[in-house]
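The residues making up each chain are set out below.
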Amino acid sequence: MGLDNVAVQWPRTGRFYDPAAPAEFVDFGDIADVQGISAPTAALAELIAKTGTIRATAYTEIVDLVLGLDGVLYATDAAAEDEDPVIDPDGCAWIAAGVERFVAAHRPQGEAVTFESVGAVLRSLLSDGRLAEQQLRWLDSRLDALRDDSGAAPQWNFTCAELSVLAAFYRRCADHGFAVYAESAAPRRVAQP
């Protein structure tokens, strides 16, 4: 079973989080209709428009790498702290900003976002930092950890447009005061409409 990130009302009412109305995301459907848009980008935009949900499993590794933490889309810090795996509106704003900055830095590399291009962009961003040498060692260890036992890199095949739609979902949640419920099993705490 995969991970879904579901937009929910913040704060929860009683024991349950009420899903945000899909109408809050209906304009994402316009993205799916753009001529020449990649199929994964269109599918992501369409899912958001219809359900206010992201199938987050495919994005967990890249988001964790870009933001420098583990389990961001699983809301692991929130789960340990609050028992509910929820990303609050401020957390949504932080995710959106990080992914937006990454996409802006990646655009000169081209539209295709691969494991290799992510590494190149992050190296470029980190090399200008105060603790560049330490951060670059950290990056190399993170990249190595993502390789399989034979040393092969993950076969990421994203586009800047797709990651922009991903960021826009979290930005919308932040701007409208929604939280995101990280649902990795059958629904238990999210109230169904």
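Report follows, based on the coordinates. (Residues numbered from 1 in each chain as written. Predicted model: local features only at pLDDT ≥ 70, side-chain atom pairs only at ≥ 80, totals over all residues. Heavy atoms only, no water.)

1. Section: helix α3 (residues 60–67)
Line of reasoning, step 1. The buried fraction of α3 is high, at seven of eight residues.
Line of reasoning, step 2. Within α3, the full set of buried residues consists of Thr-60, Ile-62, Val-63, Asp-64, Leu-65, Val-66 and Leu-67.
Line of reasoning, step 3. Its buried side turned inward, α3 meets α5 (89–106), β4 (112–113), α6 (115–126), α7 (132–146), β5 (158–159) and α8 (160–175). (Buried < 20%, exposed > 50% of the residue type's maximum accessible area, 1.4 Å probe, protein only. Helix = DSSP H or I, 4+ residues; strand = E, 2+ residues; numbered from the N terminus. Contact = heavy atoms within 4.5 Å.)

2. A few points about the side chain of Thr-41
Line of reasoning, step 1. Tracing the backbone through its elements, the reader meets Thr-41 in helix α2 (residues 39–51).
Line of reasoning, step 2. Using a relative accessible area of 1% as the deciding quantity, one classes Thr-41 as buried.
Line of reasoning, step 3. In contact with Thr-41, not counting residues within four places along its chain, are Thr-159, Ala-161, Glu-162 and Val-165.

3. What to know about empty space enclosed by the protein
Line of reasoning, step 1. Evaluation of the coordinates by the stated rule reveals one cavity of 30 Å³ or more.
Line of reasoning, step 2. There is about 30 Å³ of room inside the largest cavity.
Line of reasoning, step 3. Considering the residues around the largest cavity, the lining is formed by Ile-62, Val-63, Val-66, Val-99, Phe-102, Leu-163 and Leu-166.
Line of reasoning, step 4. Where the lining of the largest cavity is concerned, the elements lending two or more residues are α3, α5 and α8.
Line of reasoning, step 5. The element best represented in the lining of the largest cavity is α3, accounting for three residues.
Line of reasoning, step 6. Taken together, the residues that form the lining of the largest cavity break down as seven nonpolar, no polar and no charged. (1 Å grid on protein atoms, 1.4 Å probe; cavity = no way out; pocket = protein on both sides within 12 Å on 5 of 7 lines; lining within 4 Å. Points joined across faces, edges and corners; volume = space filled by probe spheres on them. Nonpolar A, V, L, I, M, F, W, Y, C, P; charged D, E, K, R; others polar.)

4. A few points about the environment of Arg-130
Line of reasoning, step 1. Tracing the chain through its elements places Arg-130 in the loop between α6 and α7.
Line of reasoning, step 2. Once the C-alpha coordinates of Arg-130 and Ser-117 are considered, the two residues, 13 residues apart in sequence, prove to be 23 Å apart.

5. Looking at the packing of α3 against α7
Line of reasoning, step 1. Remark: α3 packs on α7, axes separated minimally by 11 Å, with the N-to-C direction vectors making an angle of 170°. Relative to α7, the element α3 is oriented roughly antiparallel. Note on element contacts: α7 touches α3 through Trp-138, Leu-139, Arg-142, Leu-143 and Leu-146, opposite Glu-61, Asp-64 and Leu-65.
Line of reasoning, step 2. Among the residues forming the contact of α3 with α7, the class breakdown is five nonpolar, no polar and three charged. (Axes fitted to C-alpha atoms, helices over the stretch in contact; angles between N-to-C directions. Parallel < 35°, antiparallel > 145°, perpendicular 65-115°, else oblique.)

6. A look at α8
Line of reasoning, step 1. Between the first and last C-alpha of α8 there are 22 Å, a value that for 16 residues agrees with the 22 Å anticipated at 1.5 Å per step.
Line of reasoning, step 2. Inspection of α8 places Cys-160, Glu-162, Leu-163, Val-165, Leu-166, Ala-167, Phe-169, Tyr-170, Arg-172, Cys-173 and Ala-174 among the buried residues, and these make up the whole buried set.
Line of reasoning, step 3. Of the residues one or two after α8, Gly-177 is the one with positive phi, at around 75°. (Expected span 1.5 Å × (residues − 1).)

7. What to know about the packing of aromatic side chains
Line of reasoning, step 1. Scanning all chains against the criterion turns up eight aromatic pairs.
Line of reasoning, step 2. Centroid distance Phe-115 to Trp-156: 5.4 Å. Interplanar angle 70°. Geometry classified as edge-to-face. On the criterion of sequence distance, the pair formed by Phe-115 in helix α6 and Trp-156 in the loop between α7 and β5 is long-range, its members being 41 residues apart.
Line of reasoning, step 3. An aromatic cluster is present here, built from Phe-25, Phe-28, Phe-169, Tyr-170 and Phe-178 joined pairwise through their rings. (Phe/Tyr/Trp six-rings, centres within 6.5 Å; stacked < 30°, edge-to-face > 60°.)

8. So, the sheet that holds strand β6 (residues 178–183)
Line of reasoning, step 1. One open sheet accounts for four strands, arranged β2-β1-β6-β3; its pairing is antiparallel. Bordering the open sheet on either side are β2 (53–55) and β3 (86–87), each of which pairs with just one other strand.
Line of reasoning, step 2. The pairing of strand β1 (residues 4–9) with β2 spans three bridges and is classified as antiparallel. Considered in β2, the bridge of Asn-5 is made with Ile-54.
Line of reasoning, step 3. Relative to β6, α5 is tilted by about 80°, and along the sheet it contacts β3 and β6.
Line of reasoning, step 4. In this fold α8 packs onto β1, β2 and β6, with an angle of close to 125° to the strand it touches most, β6. (Pairing = 2+ DSSP bridges.)

So yeah, pure geometry; function would need other evidence.
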